[in-house]
Amino acid sequence: MLLRALSPADLPDLDRIQASCYGTSMLESTSILADRLLAAPDWIWGIQDDAGLCAYLFTYPTHQGRLSPLNSGFRPAPDGDTLYLHDLAVHPRARGLGLPQRLIRQAWARARKAGLRHSALISVQDSEHFWATHGYRTRTELDDHQRACLASYEQSARYMTRLLD
């Protein structure tokens, strides 16, 4: 399995994987995905097997405490201190192969190289336990803007952070 950077040529596969992992209320538009690929090309990876792209991770550098609402563009911060993991998805045919861990390790290595000290994400679809096993902890003290960002997802969305060591 090949871990590689993604490009706009991958958009059909990204849409297919997204549709296999999320309900319709959580799907993000192809144009938003394309904008993100252009905004943060060094921060977005996928894993390809013999059948094509089977997993992806969208990330970007930001500042601690800044959340991304669902279906919004990325605004990478060149002077950021935090790696933001926006979307991790694995096609059902590739589950159980450790692909999320490979993608997460890739992102953390890139973040450390860039001097980022923290990582953050929004946990959806009851994935809080999965992220906790990777050292993320839920943050409950949120300001109004952060709560509004969480509200753009589903009811079980949680803001989670961790230190990068």
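Data block above holds the structure.
Here's a quick rundown of the structure.

Parameters and conventions
Residues numbered from 1 in each chain as written. Predicted model: local features only at pLDDT ≥ 70, side-chain atom pairs only at ≥ 80, totals over all residues. Heavy atoms only, no water. Salt bridge = Lys/Arg side-chain N within 4 Å of Asp/Glu carboxyl O. Buried < 20%, exposed > 50% of the residue type's maximum accessible area, 1.4 Å probe, protein only. Helix = DSSP H or I, 4+ residues; strand = E, 2+ residues; numbered from the N terminus. Phe/Tyr/Trp six-rings, centres within 6.5 Å; stacked < 30°, edge-to-face > 60°. Lys NZ or Arg CZ within 6 Å of the ring centre and 35° of its normal.

### What to know about the pattern of salt bridges
No. 1: What the rule picks out here adds up to eight salt bridges.
No. 2: The residue Glu28 makes a salt bridge to Arg36 at a minimum N-O spacing of 2.7 Å. There is no split in this pair, since Glu28 and Arg36 are both buried.
No. 3: Measuring nitrogen to oxygen at the nearest pair gives 3.7 Å for the salt bridge that ties Glu128 to Arg158. Here Glu128, found in helix α4 (residues 128–132), pairs with Arg158, found in strand β7 (residues 158–163); they are 30 residues apart in sequence, far enough to count as distant.
No. 4: Arg158 gets classed as partly exposed once you look at its relative accessible area, which sits at 34%.
No. 5: What emerges from the salt-bridge pattern is a single network uniting Arg112, Arg162 and Asp165.

### So, the packing of aromatic side chains
No. 1: Per the stated rule, a full pass over the model turns up seven aromatic pairs.
No. 2: Judged by centre distance (6.4 Å) and plane angle (35 degrees), the rings of Trp108 and Tyr136 are tilted. With a gap of 28 residues between them, Trp108 in helix α3 (residues 99–113) and Tyr136 in the loop between α4 and β6 (137–138) connect regions that are remote in the sequence. As far as burial versus exposure is concerned, Trp108 and Tyr136 are alike and both buried.
No. 3: Here a set of aromatic residues connected by ring pairs shows up, and it is made of Tyr56, Phe58, Tyr60, Phe74 and Tyr84.
No. 4: Directly above the aromatic system of Trp108 lies the positively charged group of Arg162, at a separation of 4.3 Å from the ring centroid.

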